[in-house]
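# Coordinate inspection notes
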Amino acid sequence: MGFAERNWAGNVRFGAARFHEPRTVDEVQSLVASATKVRAVGSRHSFNAIADTVGDQVSLSALVRLVEIDTQRGTVTVDGGIKYAELASYLHEHGMALANLASLPHISVAGACATATHGSGVTNGNLATAVLAMQFVTSGGDLVEISRDHDPGLMDALTVGLGAFGVVTRLTLAIEPTFDVRQTVYEDLPMPTSAGQLDEVMADGYSVSLFTTWCHDDIEQLWRKVRAGPEADGAGPDVSTRRFGATAATRKLHPIKGLPAGPCTDQLGVAGPWHERLPHFRIGFEPSSGEELQSELFVASDEAPEAMSILRSIRVFLAPVLQISEVRAVAADAMWLSPCHRRASIAFHFTWIPSWPQVEPVLATLESALAPLLPRPHWGKLSTITGPVLQTRFERLEAFGELITEWDPTGKFRNAYLDAVLG
Ligand SMILES: Cc1cc2nc3c(=O)[nH]c(=O)nc-3n(C[C@H](O)[C@H](O)[C@H](O)COP(=O)(O)OP(=O)(O)OC[C@H]3O[C@@H](n4cnc5c(N)ncnc54)[C@H](O)[C@@H]3O)c2cc1C
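Residues numbered from 1 in each chain as written. Predicted model: local features only at pLDDT ≥ 70, side-chain atom pairs only at ≥ 80, totals over all residues. Heavy atoms only, no water.

So, about the site of the ligand. Lining the immediate surroundings of the ligand are 38 residues, of which Ala40, Gly42, His45, Ser46 and Ser108 lie closest. One of the backbone nitrogen or oxygen atoms of Gly111 is found 3.1 Å away from an oxygen atom of the ligand. One of the backbone N or O atoms of His118 is found 2.8 Å from a nitrogen atom in the ligand. When isolated, the ligand has an accessible area of 970 Å², and the protein chains bury 99% of it. Counting only elements with at least two residues in the shell around the ligand, the list comes to strand S2 (38–41), helix H3 (109–114) and strand S9 (167–174). Here the residues of the shell around the ligand are counted per class, giving 17 nonpolar, 17 polar and four charged. (Near = heavy atom within 4 Å. Polar contact = N/O pair within 3.5 Å; in protein donor to acceptor, adjacent residues only side chain to side chain. Areas by Shrake-Rupley, 256 points an atom, 1.4 Å probe, with all protein chains shown as cover. Helix = DSSP H or I, 4+ residues; strand = E, 2+ residues; numbered from the N terminus. Nonpolar A, V, L, I, M, F, W, Y, C, P; charged D, E, K, R; others polar.)

Below, the structure is given as structure tokens:
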């Protein structure tokens with residue numbers, strides 16, 4: 001990958017004094033042991049300074065590739081630098097699949113899981129819920145392995161770990177037999193106004209996303225992904241032309257009105273492999289708008305209609321800086337820093353124009369308007385919610401801070417972002 005001074009969006013300039021691309025785990029161990037400040041970096045898709053350091057920034061993208069499938073146990077073990085795109089193609093070629101993917105496959109598995117990256121689906125947890133075991137290099141340079149079988153409590157604490165406890169060199173993920181998905185986009189969905197209506201829409205498929213600017217009475221697009229096959233999802237082949245009053249599009253669409261749909265995965269109900277339908281964007285193409293900032297807030301599912309009504313009430317305020325908003329469902333889990341910790345959630349995503357001075361005041365207003373619903377921000381995106389408030393939103397954040405001090409007593413993995421989050 002090579003040294004990159006900035007993150008994918010270009011809004012964060014990294015302050016690392018040195019950049020390394022070790023090829024072996026031994027090299028990672030020596031690097032970490034001899035560093036005073038060190039930080040792993042994945043594919044740099046986070047929108048904040050979570051992956052930054054003033055010392056040594058370590059990318060595992062050059063690590064000797066490892067993809068070891070165990071079909072009996074339904075697992076795959078991968079190295080800490082692999083991206084979903086590479087892993088997904090390999091799994092599919094070998095008849096296997098991951099349960100879910102984010103909107104793009106371009107991101108690293110370790111980086112995505114460290115920030116609780118997610119796709120959609122009322123029965124789908126975030127991507128870190130697939131992690132069954134991790135091997136990592138501690139601040140002292142030791143190699144440690146933990147697993148759901150032997151250390152369930154530690155896995156809950158560290159899987160969504162923000163890169164704060166070590167450099168993850170290996171992950172074991174749950175997999176299943178490969179499956180096909182049909183993706184259909186519907187236009188002009190009447191705004192769901194009750195929790196019951198929204199639940200029904202979000203549960204109407206394996207993975208459902210709503211795209212809106214909040215400017216219209218209707219939701220502009222409903223993206224419905226159903227597992228193909230006669231019995232899948234109880235939905236059968238996706239031949240319906242209307243869902244909840246929305247109409248099936250007759251041409252491929254981009255979530256952002258007016259952008260060409262070429263970078264998007266195939267739609268129009270045509271079945272295709274899971275990894276070519278679950279993400280919205282195809283590998284090899286620019287995902288999303290390419291010129292953007294992002295934020296995302298998670299609220300409890302039953303509070304989501306209230307959140308939608310708040311967002312509509314401030315739509316005039318949002319409009320000048322909002323490119324598109326996406327609404328997704330994520331299942332509850334037990335991981336300490338998961339935004340879905342013990343809370344089945346609806347995630348409200350915002351793709352902003354690429355101008356932080358213009359976006360920041362709008363985001364601050366939006367976050368305070370939603371504050372009564374106790375929204376939890378995405379760790380890899382932009383937020384104005386401060387550390388003390390975060391402590392009240394993530395009930396295990398303080399305990400996480402204490403645990404991190406045990407694993408990293410000299411604060412080797414600490415950076416300004418973590419200092420702000422953990423205090
Ligand atoms: C266009 C676009 C679309 C996106 N879509 C989605 C989406 O659909 N859903 C969603 O939830 N998010 C989405 N995101 C956000 C993105 O998934 C997260 O920011 C994710 O963390 C990116 O992974 P990364 O590999 O780039 O991590 P980075 O940004 O490089 O790093 C993130 C964190 O992971 C840590 N880390 C990375 N590798 C390791 C390692 N080996 N060991 C220990 N720690 C490590 C870093 O230290 C850092 O703390 C999107 C981002 C972009 C730019």
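Let us keep going from here.
We now examine the domain arrangement of the protein. Each assigned domain of the protein is listed here: domain 1 (67–177) and domain 2 (180–377). Just the C-alpha atoms count here: the centres of domain 1 and domain 2 sit 24 Å apart. In this complex, domain 1 contributes 35 residues to the contact, which on the side of domain 2 involves 33 residues. When domain 1 packs against domain 2, the two sides together hide about 2,700 Å² of surface, and 63% of this comes from carbon and sulfur. The largest per-residue losses of area from domain 1 upon contact with domain 2 belong to Ser103, His118 and Ser120, which jointly make up 21% of the total buried on that side. For the pair domain 1 and domain 2, the interface holds one salt bridge. Between Glu176 and Arg227 there is a salt bridge, and its shortest N-O distance comes to 3.0 Å. Here domain 1 and domain 2 share 16 residue pairs in polar contact (both at pLDDT 80 or more) between them. (Domains from an automatic or database assignment. Contact = heavy atoms within 4.5 Å. Buried area = accessible area lost by both parts, 1.4 Å probe. Salt bridge = Lys/Arg side-chain N within 4 Å of Asp/Glu carboxyl O.)

Let's shift gears to helix H10 (residues 397–407). Listing the buried residues of H10 in full gives Leu397, Phe400, Gly401, Leu403 and Ile404. Buried residues along H10 cover an arc of 165° about the axis, so they all sit on one side. Across from the buried face of H10, at angles greater than 90 degrees, the exposed residues are Glu398 and Glu406. Summarising the contacts, the buried residues of H10 are in contact with helix H4 (152–158), helix H9 (387–393) and helix H11 (416–422). (Buried < 20%, exposed > 50% of the residue type's maximum accessible area, 1.4 Å probe, protein only. Arc of directions from axis to C-beta.)

Another point: the packing of aromatic side chains. For the coordinates displayed, the defined rule picks out nine aromatic pairs. Taking 5.8 Å as the distance between ring centres and 75° as the angle between the ring planes, the aromatic pair formed by Phe179 and Tyr206 counts as edge-to-face. Residue Phe179 is found in the loop between strand S10 (176–177) and strand S11 (180–190), and its partner Tyr206 is found in the loop between helix H5 (195–202) and strand S12 (207–212); the two are separated by 27 residues along the sequence. By the burial criterion, Phe179 is buried, and Tyr206 matches it. (Phe/Tyr/Trp six-rings, centres within 6.5 Å; stacked < 30°, edge-to-face > 60°.)

The next thing to look at is the nonpolar core. In this structure, Phe348, Trp352 and Trp379 are the most contacted members of the largest nonpolar core, which totals 97 residues. Those residues in contact with Trp379, other than ones at most four positions away along the chain, are Asn48, Ile50, Thr115, Val160, Leu162, Leu337, Pro339, Leu390, Phe394, Leu397, Tyr417 and Val421. If you look at the next biggest cluster of nonpolar residues, it comprises 11 residues, including Leu31, Val58, Leu60 and Val137. (Core = buried A, V, L, I, M, F, W, Y, C linked by side-chain atoms within 4.5 Å.)

Turning next to the side chain of Thr115. Within the secondary structure, Thr115 is located in the loop between H3 and strand S7 (131–137). Judged by relative accessible area, Thr115 falls into the buried class, the value being 7%. In terms of polar contacts, Thr115 uses its side chain to reach the backbone carbonyl oxygen of Ala112, at 3.1 Å. The contact partners of Thr115, leaving out residues within four places of it in the chain, are Ser46, Ile50, Val160, His378, Trp379 and Gly380.

Before going further, it helps to examine a negative patch on the surface. Together, Asp199, Glu200, Asp302, Glu303 and Glu306 give the surface a local cluster of negative charge. Inspection of the secondary structure assignment puts Asp302 in the loop between strand S17 (293–300) and helix H6 (304–313). By relative accessible area, Asp302 is classed as exposed at 59%. (Patch = residues over 30% accessible without salt bridge, like charges linked within 9 Å, V, L, I, M, F, W, Y side chains within 5 Å. Lys, Arg positive; Asp, Glu negative; His and termini not counted. Charge placed at Lys NZ, Arg CZ, Asp CG, Glu CD.)

This paragraph deals with the sheet that holds S7. Read from one edge of the open sheet, five strands run S4-S5-S9-S7-S8, paired in antiparallel fashion. The sheet terminates laterally at strand S4 (67–70) and strand S8 (143–147), the two strands that pair on one side only. Averaged over all neighbouring strand pairs, the angle between strand axes comes to 15°, with direction disregarded. Bridge count between S7 and S9: six bridges; the pairing is antiparallel. Residue pairing for S9: Ala133 is matched across the bridge by Thr172. Each of S4, strand S5 (75–79) and S9 is contacted by helix H2 (residues 84–93), which is oriented at about 40° to S4, the strand it contacts most. (Pairing = 2+ DSSP bridges. Axes fitted to C-alpha atoms, helices over the stretch in contact; angles between N-to-C directions.)

Here the focus is the environment of Arg224. Within the fold, Arg224 resides in strand S13 (residues 218–227). In this structure, the C-alpha to C-alpha distance between Arg224 and Leu210, residues 14 residues apart in sequence, is 8.7 Å. In this structure the side chain of Arg224 is engaged in a polar contact, spanning 2.6 Å, whose partner is the backbone oxygen of Asp204.

Let's shift gears to the pairing of S11. Bridging between S11 and strand S16 (residues 271–273) involves three bridges; their strand directions are antiparallel. Following the sheet pairing, Arg182 is matched in S16 by Ala271. One ladder, built from nine bridges, connects S11 with S13; its direction is antiparallel. Within the sheet, the bridge partner assigned to Leu189 lies in S13 and is Ile219.

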